[in-house]
Amino acid sequence: MAVKIKTKLGTIDIANSVIATVVGGAATDIYGIVGMASKNQIRDNLNDILNRENYARGVVVRQEDNGVAIEVNIVVGYGTKISEVCRNVQDKVKYNLESMLGVTANTVKVIVQGVKVLGD
């Protein structure tokens, strides 16, 4: 499925993979985020952090009547305040979707899949 935006010149279709890439990029820019995690770690057989090409595996996009519902799976760094990191992810994802794509995010659900200890 894709998000459809109607303009006076025609219709713009934005694929879910594009939305997932924007969401993944926004999430990984936040301080305290180590990376994205797969939403189905058992099926994908991935215990690793996803790279930029695989952000769609860590993001779920559902279309709603007046926007989208986003689900983001992340790995946070040890020693960060998880609630604050998640709130920052929600704010930045919502802002980036509205400013870059013109898509309204009704809900942004953040799922912390793991905590990783970072070496000094």
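Bear in mind the structure is a predicted one, so any value in this text is a computation, not a measurement.

Enquirer: If you had to explain the pattern of salt bridges to someone new, which residues and values would you point to?
Expert: It is possible for side chains bearing opposite charge to pair when their charged atoms get close. Evaluation of the coordinates by the stated rule reveals four salt bridges. D29 is paired through a salt bridge with K92; the nearest N and O atoms lie 3.8 Å apart. On the criterion of sequence distance, the pair formed by D29 in the loop between α1 (16-28) and β3 (33-36) and K92 in helix α3 (residues 82-101) is long-range, its members being 63 residues apart. With a relative accessible area of 28%, K92 lands in the partly exposed category.

Enquirer: Run through the pairing of strand β5 (residues 67-77), naming residues and quoting values.
Expert: Within β5, 11 of the 11 residues are buried, which leaves it mostly tucked inside the rest of the structure. In the sheet, β3 pairs with β5 via three bridges, with the strands oriented antiparallel. Along β5, the bridge assignment pairs I33 with V76. Pairing of strand β4 (residues 59-64) with β5, which is carried by six bridges, proceeds in the antiparallel orientation. Counted as the bridge partner of V61 is I70 from β5.

Calculation criteria
- Residues numbered from 1 in each chain as written.
- Predicted model: local features only at pLDDT ≥ 70, side-chain atom pairs only at ≥ 80, totals over all residues.
- Heavy atoms only, no water.
- Salt bridge = Lys/Arg side-chain N within 4 Å of Asp/Glu carboxyl O.
- Helix = DSSP H or I, 4+ residues; strand = E, 2+ residues; numbered from the N terminus.
- Buried < 20%, exposed > 50% of the residue type's maximum accessible area, 1.4 Å probe, protein only.
- Pairing = 2+ DSSP bridges.

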